[in-house]
Amino acid sequence: MKQITAIIQPHMLPRVEHALHALPHFPGFTLLRAKGHARGGTAGQPSHAQQWGLDEHDKVALFILCSDTLAPQIVETIRQNAHTGLPGDGVIGVCEAAEVVRIRTNERGDDAL
């Protein structure tokens, strides 16, 4: 099982959400409104913080628990639909989920998804 965390621009959420719900067997997600700071620049380029100032920027964080087989498709769907090509498009992280337990039914593992 995998845990996918995607931090994206808030204005891209409707597009990402629509695309995710179109996937067969999509397990759903948890959404958090977030604030973020830009990362530093690369060699020869100013950092985003210098370009934008040091203020926080609105972001949306999606948390998804899914099967190992569905994870690549979810990641690619988010990447394609959150992409603008501009700084601040966001990041996607994928981690192993050692155990998942559905609180209501006590189902575990893939059955809990």
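Residues numbered from 1 in each chain as written. Predicted model: local features only at pLDDT ≥ 70, side-chain atom pairs only at ≥ 80, totals over all residues. Heavy atoms only, no water.

When helix 1 (residues 13-21) is considered as a whole, its buried residues turn out to be Leu13, Val16, Ala19 and Leu20. Seen end-on, helix 1 carries its buried residues on one side only, within an arc spanning 135°. Away from its buried face, by an angle of more than 90 degrees, helix 1 presents the exposed residues Pro14, His18 and His21. Packed against the buried residues of helix 1 are strand 1 (2-8), strand 2 (30-36), strand 3 (57-66) and helix 3 (71-82). (Buried < 20%, exposed > 50% of the residue type's maximum accessible area, 1.4 Å probe, protein only. Helix = DSSP H or I, 4+ residues; strand = E, 2+ residues; numbered from the N terminus. Arc of directions from axis to C-beta. Contact = heavy atoms within 4.5 Å.)

Below, the discussion takes up the environment of Asp89. Residue position: Asp89 is located in the loop between helix 3 and strand 4 (90-96). Asp89 sits in the buried class, given a relative accessible area of 15%. C-alpha of Asp89 to C-alpha of Met12: the two residues are 77 residues apart in sequence and 9.0 Å apart in space. Setting aside residues up to four positions removed in sequence, Asp89 forms contacts with Ile7, Ile8, Gln9, Ala82, His83 and Thr84.

Using the criterion set out here, one finds 1 aromatic pair in the structure. Between Phe26 and Phe29, the aromatic rings sit 6.3 Å apart at their centres with planes inclined by 55°, giving tilted as the arrangement. The class for Phe26 is buried, based on a relative accessible area of 14%. What makes Phe29 partly exposed here is its relative accessible area of 22%. (Phe/Tyr/Trp six-rings, centres within 6.5 Å; stacked < 30°, edge-to-face > 60°.)

By themselves, these observations are geometric and do not establish any function.
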